[in-house]
Amino acid sequence: EADGDFLYTPPTDFTGNDTFTYTVQTGTATVTVGVSEIIWWVDNRGSNSGASGRSHDPFPEISEGTNAAGPGEYVHVANGNGTTYESLSAGAGRMIYGEGVAFSVPGFGVLAPAGTAPTLQSGEGSALSLSTNGFAAGFRVDNDNGWGVSAFGAAGGTLEDIEIVANTAGGLRVVNGTGTFTFTRIDITHSSADEAILISGGSPTVNMEITNGSVTSSTGKMLHVAGTTAGTVTLTGGTMTSTNGQG
């Protein structure tokens, strides 16, 4: 910069020590910069098909962020222009945050404040698919073409601060799962013939906290557990209300 400051932009998808040199009147010096944690940014206000996924050059599509992210890496999805995003696949140890929650990274504090949760909607199938060791937080799921959230054959996963609106199919299902699933601050509004919550097959341990939220079902079953060979299902907090359906 003209005032002598430096603007450092690390290489994409890089962690470790990076160096650059600079020259002043008295000689040349080398600066070493430590880079830790990889974050991919998504914002559908952008339309750049060649975006790098950096905070100043975000991907316009969620799939670009999740495809770029590896295990232990972060993806942040802004509410953007307020239109719906395509379906989200959360798995492989990636940590995916929607704008509905404050986005913080250990050692760096809050990098993006909480705002309006981005909405996920699938043209076909589930709007949010959870696979082994998946993590997602801060989204609204409003799906007219399939289940809201599905985990098929997954060995555990985590969801936090998820609002699910299920009008034509079920809300949240874990099918043939194993390991531990932790669902925290989940809100479901359900009005279809399918279940609001379905736990089917496998041997999962499911811990669901609906604190500050609710599960409301006007048709179908509110909670259905069937065919599991082991594991437990624990529901805490919040309220569960069934009007015309079954508890």
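Everything discussed here concerns the structure shown above.
These lines cover the structure that appears in this document, whether it is placed above or below. (Residues numbered from 1 in each chain as written. Predicted model: local features only at pLDDT ≥ 70, side-chain atom pairs only at ≥ 80, totals over all residues. Heavy atoms only, no water.)

This part covers the overall build of the protein chain. Helix and strand counts for the protein chain stand at one helix and 20 strands. Element-wise, carbon and sulfur atoms account for 47% of the exposed surface of the protein chain, whose accessible area totals about 11,300 Å². Side-chain charges in the protein chain split into 7 positive and 23 negative, and the spacing between the mean points of these groups amounts to 8 Å. (Helix = DSSP H or I, 4+ residues; strand = E, 2+ residues; numbered from the N terminus. Areas by Shrake-Rupley, 256 points an atom, 1.4 Å probe, with all protein chains shown as cover. Lys, Arg positive; Asp, Glu negative; His and termini not counted. Charge placed at Lys NZ, Arg CZ, Asp CG, Glu CD.)

On to the pairing of strand β6 (residues 95-98). Where strand β4 (residues 74-77) and β6 come together, four bridges link them in parallel fashion. Within β6, the position partnered with Tyr 74 by the bridge is Met 95. The pairing of β6 with strand β11 (residues 134-143) spans three bridges and is classified as parallel. Of the residues in β11, the one forming a bridge with Tyr 97 is Ala 137. (Pairing = 2+ DSSP bridges.)

Another aspect to go through is the environment of Asn 67. By secondary structure assignment, the location of Asn 67 is in helix α1 (residues 62-68). We classify Asn 67 as exposed; its relative accessible area is 66%. C-alpha of Asn 67 to C-alpha of Asn 44: the two residues are 23 residues apart in sequence and 16 Å apart in space. (Buried < 20%, exposed > 50% of the residue type's maximum accessible area, 1.4 Å probe, protein only.)

Before going further, it helps to examine the packing of aromatic side chains. If you walk through the whole model with that rule in mind, you get seven aromatic pairs. Ring geometry for Tyr 74 against Tyr 97: centres 6.4 Å apart, planes inclined by 25°, an arrangement best described as stacked. A residue pair is termed long-range when its members are at least 10 positions apart, and Tyr 74 in strand β4 and Tyr 97 in strand β6 qualify at 23 residues. No difference in accessibility class separates Tyr 74 from Tyr 97, as the two residues are buried. (Phe/Tyr/Trp six-rings, centres within 6.5 Å; stacked < 30°, edge-to-face > 60°.)

Now for the pattern of salt bridges. Within this structure, the stated rule accounts for four salt bridges. Close ionic contact of Asp 43 with Arg 45 constitutes a salt bridge, the shortest N to O distance being 2.6 Å. Between Asp 142 and Arg 140 there is a salt bridge whose closest N-O contact spans 3.0 Å. According to the relative accessible area criterion, Arg 140 is partly exposed, its value standing at 24%. The structure contains a network of salt bridges with shared partners spanning Arg 140, Asp 142 and Glu 163. (Salt bridge = Lys/Arg side-chain N within 4 Å of Asp/Glu carboxyl O.)

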